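What the coordinates show
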Amino acid sequence: MTTSRRQRWDAARNRAQLLEAARECFAERGLATDVREIARRADVGVATLYRHFPAKDDLVRAVLEDDVAEWEAVSETAKAAEDAWEGISLVVERTLAMMARHRAFLDGLTVTEGALDACRAHLAESLDGLVERARRQGRLRDGITSADIGLQILALGRIVELTAGQGDDVWRKHAALVLGALEA
């Protein structure tokens, strides 16, 4: 009986080490990181990695789980904002901050198959009601749609990627420029 507990404890420790190593690697290099590097950094074998995560996508999903949950929480907070423009600004700024903090989140939204469509759908669902309310409140320029704002977020994501390591000031400046252009 002691052996099975030890194996479960070791397995849990190995999984935690793999997730931590993957978070670090993905944050630094994005989803292009080789799983062998993750296993090496976690101090486990590649077979151990595959026992816990049979495909790299399984590992990516596990690592991004917290970010996706945070993104969904931001969307809910934004929808509840009394001032819809503040809600839109919150979605834009917090999404970009997550992209800046975690390159895998950016890659996951832009390079993973099917993720771009899922990202657009999530942004549309998050922003549709806000866009209509912001327009009624006189805070959003006429003709701007949730799809427009979603595309701007993805475009600003490219600025986040290009200016990685230069601090948040660059992407924040460009986000402010875009938001300023959209505001009535």
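Quick note: structure is the one above.
Residues numbered from 1 in each chain as written. Predicted model: local features only at pLDDT ≥ 70, side-chain atom pairs only at ≥ 80, totals over all residues. Heavy atoms only, no water.

Looking at helix 9 (residues 169-182)
Helix length check: helix 9, at 14 residues, gives a terminal C-alpha distance of 20 Å against a target of 20 Å (1.5 Å per residue), a fit within 8%. Of all the residues in helix 9, the buried ones are W171, A175, V178, L179 and L182. Take helix 9 and look down its axis: the buried residues cluster within an arc of 95 degrees, on one side only. Exposed and oriented more than 90 degrees from the buried face of helix 9 are D169, K173 and L177. Buried positions along helix 9 lie against helix 5 (84-101) and helix 8 (146-162). (Helix = DSSP H or I, 4+ residues; strand = E, 2+ residues; numbered from the N terminus. Expected span 1.5 Å × (residues − 1). Buried < 20%, exposed > 50% of the residue type's maximum accessible area, 1.4 Å probe, protein only. Arc of directions from axis to C-beta. Contact = heavy atoms within 4.5 Å.)

Considering the packing of helix 8 against helix 9
At a closest axis distance of 9 Å, the pairing of helix 8 and helix 9 adopts a crossing angle of 160 degrees. Between helix 8 and helix 9, the angle is such that the two are roughly antiparallel. Taken as a pair, helix 8 and helix 9 cross one another with a handedness that is right-handed. Here helix 8 contributes I149, Q152, L156, I159 and V160 to the contact with helix 9, which in turn contributes V170, W171, H174, A175, V178 and L182. (Axes fitted to C-alpha atoms, helices over the stretch in contact; angles between N-to-C directions. Parallel < 35°, antiparallel > 145°, perpendicular 65-115°, else oblique. Left-handed = near helix turned anticlockwise from the far one by under 90°.)

Focus: the nonpolar core
Generally speaking, soluble globular proteins have nonpolar side chains that are buried together. F26, I38, L59, I88 and I149 are the most contacted members of the largest nonpolar core, which totals 51 residues. Looking at this core, the elements with two or more residues in it are helix 1 (2-29), helix 2 (35-42), helix 4 (56-80), helix 5, helix 6 (103-110), helix 7 (115-136), helix 8 and helix 9. (Core = buried A, V, L, I, M, F, W, Y, C linked by side-chain atoms within 4.5 Å.)

A short note on the side chain of D83
Secondary-structure assignment places D83 in the loop between helix 4 and helix 5. Within the structure, D83 has its side chain in polar contact with the backbone nitrogen of W85 (distance 2.9 Å). The contact partners of D83, leaving out residues within four places of it in the chain, are Q137 and R139. (Polar contact = N/O pair within 3.5 Å; in protein donor to acceptor, adjacent residues only side chain to side chain.)

A word on the packing of helix 5 against helix 9
One way to put it is that helix 5 packs onto helix 9 with a least axis distance of 11 Å and a crossing angle of 155 degrees. Here helix 5 is positioned roughly antiparallel relative to helix 9, judged by the angle of their axes. Pair helix 5 / helix 9 crosses with right-handed handedness. Contact residues: W85, S89, V92, E93, L96, A97 and A100 in helix 5; W171, R172, A175, L179 and L182 in helix 9. For the contact of helix 5 with helix 9, the per-class residue count stands at 9 nonpolar, 1 polar and 2 charged. (Nonpolar A, V, L, I, M, F, W, Y, C, P; charged D, E, K, R; others polar.)

That's the geometry; what it means functionally is another story.
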